[in-house]
Amino acid sequence: MSDQASSKRCGFVAIVGAPNAGKSTLVNALVGQKVAITSPKAQTTRTRLMGIAIEGDTQIVLIDTPGIFAPKRRLDRAMVAAAWGGAEGADLIALIVDAKAGVKGGIEAMVETLRKRPEPKLLILNKVDIAKKDELLRLAAGLNALLEPRDTFFISATTGDGVDDLKTALAEAMPEGAWHFSEDQVSDASQRLIAAEVTREQLYHQLRNELPYASAVDTESYSERKDGSVEIRQQILVARDSQKAIVLGKGGSRIKQIGSAARQELGELLGRKVHLFLHVKVKPDWEEDRTLYRDIGLDWVE
């Protein structure tokens, strides 16, 4: 093995935490570009997604997991299973906690589970820019006593404060070894999945509280045209006719806005012209569709 090859490092870091703790925002900040969708609402991330960050001679494979919460539905159970599954065999588990919210959302139960795991752990307190300092210090002390992490970091994934120091520490913790991905690759997600995620993000941003999270986006086809552009056809699945009306909007205005914004972002991500066709389908039992789980990257959970 050459000196250059032996000097390389590569490892996996599982980012776990409660919904809306800022996991996807942190992954995007560490990678240096957007690889995971974000939303002010909880439970935006549904599947394991790998973001690939580089720091010097080190490749850090970041596993962005769904938020861990008390599951009620099959989809919930699949998301929580994906979160814990993403931590299996990681070189490091990073628990990210919303510093402003504090110990809520089952954080203590999560910490108790993490304590029993053999992987080294880091504690990351996020959103420190909007947290009160005295409460932040008490939170850090309490969680350190419970988790006994290798180290604790205070960051704001949104502003970037503390992210560089965290990235350096993650790189130093990675084992020696060849890189798993090419230097220019930033995610393991397929283009079909990325396309579905971009459209789903627009659903959340544009509909906000009008539409519950009982919806999904399925990329039915993804093909290249002769002129080098991409044609993408997607269906937005909802459970009820009333939800379909919300997505469509008056005279189809809302779905046109969703499609336009998603098309523009996909064009920028793919570096080529995108033809995006959306239609809405009412499917009351979409959460029981095994094929859809596979398409959105989740394992079927009984």
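Since we're looking at a predicted model, the values are computed, not measured. (Residues numbered from 1 in each chain as written. Predicted model: local features only at pLDDT ≥ 70, side-chain atom pairs only at ≥ 80, totals over all residues. Heavy atoms only, no water.)

Colleague: What am I meant to see in the overall build of the protein chain here?
Modeller: Of the regular secondary structure elements, the protein chain holds ten helices and nine strands. Burial statistics for the protein chain: of 302 residues in total, 50% are counted as buried. Across the protein chain, the fraction of contacts at a sequence separation of at least 24, relative to all contacts at a separation of at least 6, is 72%. Of the roughly 14,300 Å² of accessible surface on the protein chain, 48% is carried by carbon and sulfur atoms. (Helix = DSSP H or I, 4+ residues; strand = E, 2+ residues; numbered from the N terminus. Buried < 20%, exposed > 50% of the residue type's maximum accessible area, 1.4 Å probe, protein only. Contact = heavy atoms within 4.5 Å. Areas by Shrake-Rupley, 256 points an atom, 1.4 Å probe, with all protein chains shown as cover.)

Colleague: Would you take a moment to explain helix H5 (residues 133–147) for this structure?
Modeller: One turn of an α-helix holds 3.6 residues; hence residues three or four places apart share an orientation. In this model H5 runs 21 Å from its N-terminal to its C-terminal C-alpha over 15 residues, within 8% of the 21 Å that 1.5 Å per residue would give. Trailing H5 by a residue or two, glutamate 148 shows a phi angle of about 50 degrees, which is positive. (Expected span 1.5 Å × (residues − 1).)

Colleague: How should the pattern of salt bridges be read in this particular structure?
Modeller: As a working rule, side chains carrying opposite charge can pair if their charged atoms are close by. Counting across every chain of the model gives ten salt bridges. One salt bridge in this structure joins glutamate 119 and arginine 117, with 3.3 Å as the shortest N-O distance. Here arginine 233 and glutamate 231 are joined by a salt bridge, their closest N and O atoms 3.1 Å apart. The exposure class assigned to glutamate 231 is buried, which follows from its relative accessible area of 16%. Taken together, the salt bridges that share partners define one network made up of Lys34, Glu201 and Glu265. (Salt bridge = Lys/Arg side-chain N within 4 Å of Asp/Glu carboxyl O.)

Colleague: Where do I start with the side chain of glutamine 202 in this structure?
Modeller: Locating glutamine 202 in the fold gives a position in helix H7 (residues 191–207). By relative accessible area, which is 10% here, glutamine 202 ends up buried. What glutamine 202 contacts, discounting residues up to four positions off in sequence, is Leu207, Ile258, Ala261, Ala262 and Glu265.

Colleague: Would you explain the side chain of histidine 275 in this entry?
Modeller: Here histidine 275 shows up in strand E9 (residues 274–282). A polar contact of 3.1 Å, which involves the side chain of histidine 275, links it to the side chain of serine 229. Dropping the residues within four chain positions of it, histidine 275 is found in contact with Arg225, Ser229, Val230, Glu231 and Ile232. (Polar contact = N/O pair within 3.5 Å; in protein donor to acceptor, adjacent residues only side chain to side chain.)

Colleague: For this particular structure, what's the right way to read helix H2 (residues 23–31)?
Modeller: Counting buried positions along H2 gives seven out of nine residues, so the element sits mostly inside the fold. Listed in full, the buried residues belonging to H2 are Lys23, Ser24, Leu26, Val27, Asn28, Leu30 and Val31. Contacts from the buried residues of H2 go to strand E1 (9–17), strand E2 (49–55), strand E3 (58–64), strand E4 (92–98), strand E5 (121–126) and helix H6 (163–173). Within two residues after H2, glycine 32 carries a phi angle of roughly 95 degrees, on the positive side.

Colleague: For this particular structure, what's the right way to read the packing of aromatic side chains?
Modeller: Given two aromatic rings, one states the distance between the centres and the angle between the planes to describe the pair. Under the defined criterion, the tally for this structure stands at zero aromatic pairs. Seen from the ring of tryptophan 179, lysine 8 lies directly overhead, with NZ or CZ sitting 3.9 Å from the centre. Taking the ring centre of phenylalanine 277 as reference, the NZ or CZ of arginine 233 above it sits at 4.2 Å. (Phe/Tyr/Trp six-rings, centres within 6.5 Å; stacked < 30°, edge-to-face > 60°. Lys NZ or Arg CZ within 6 Å of the ring centre and 35° of its normal.)

Colleague: Can you walk me through the sheet that holds strand E7 (residues 215–224) in this structure?
Modeller: Backbone hydrogen bonds hold the strands of a sheet together, and the pairing may be parallel or antiparallel. Spatially, three strands are ordered E7-E8-E9 in an open sheet, and the strand pairing comes out mixed. The open sheet has two edge strands, E7 and E9, and neither has a second partner. Each strand of the sheet is rotated relative to its neighbour by a mean of 20 degrees, with strand direction disregarded. As judged from the nine bridges shared by strand E8 (residues 230–238) and E9, these two strands associate in the parallel manner. Bridging from a neighbouring strand, valine 230 pairs with valine 274 of E9. Against the sheet, H7 contacts E7, E8 and E9, and its axis sits at roughly 135 degrees relative to E7. (Pairing = 2+ DSSP bridges. Axes fitted to C-alpha atoms, helices over the stretch in contact; angles between N-to-C directions.)

Colleague: Quick question: what am I supposed to make of the sheet that holds E5 here?
Modeller: If you trace the six strands from one edge of the open sheet to the other, you get E2-E3-E1-E4-E5-E6, paired in mixed fashion. With one partner strand each, in any of the chains shown, E2 and strand E6 (151–154) form the two edges of the open sheet. The mean inter-strand angle of the sheet, taken between neighbouring strand axes irrespective of direction, is 25 degrees. Looking at chain direction, E1 and E4 are connected through five bridges and run parallel. When the sheet's bridge partners are listed, valine 13 is paired in E4 with leucine 92.

Colleague: Mind showing me how you'd approach the packing of H7 against helix H9 (residues 253–270) here?
Modeller: The relative placement of two packed helices is expressed as an angle between their axes plus a distance between the axes. One can describe the packing of H7 onto H9 by two numbers: an axis separation of 9 Å at closest approach and a directional angle of 135 degrees. By the criterion of interaxial angle, the relationship of H7 to H9 is oblique. Both H7 and H9 take part in a crossing whose hand is right-handed. Between H7 and H9, the residues in contact are Gln191, Ile194, Ala195, Val198, Thr199, Glu201, Gln202, Leu203, Gln206 and Leu207 and Arg254, Gln257, Ile258, Ala261, Ala262, Glu265, Leu266, Leu269 and Leu270, respectively. Of the residues contributing to the contact of H7 with H9, the split by class is eleven nonpolar, five polar and three charged. (Parallel < 35°, antiparallel > 145°, perpendicular 65-115°, else oblique. Left-handed = near helix turned anticlockwise from the far one by under 90°. Nonpolar A, V, L, I, M, F, W, Y, C, P; charged D, E, K, R; others polar.)

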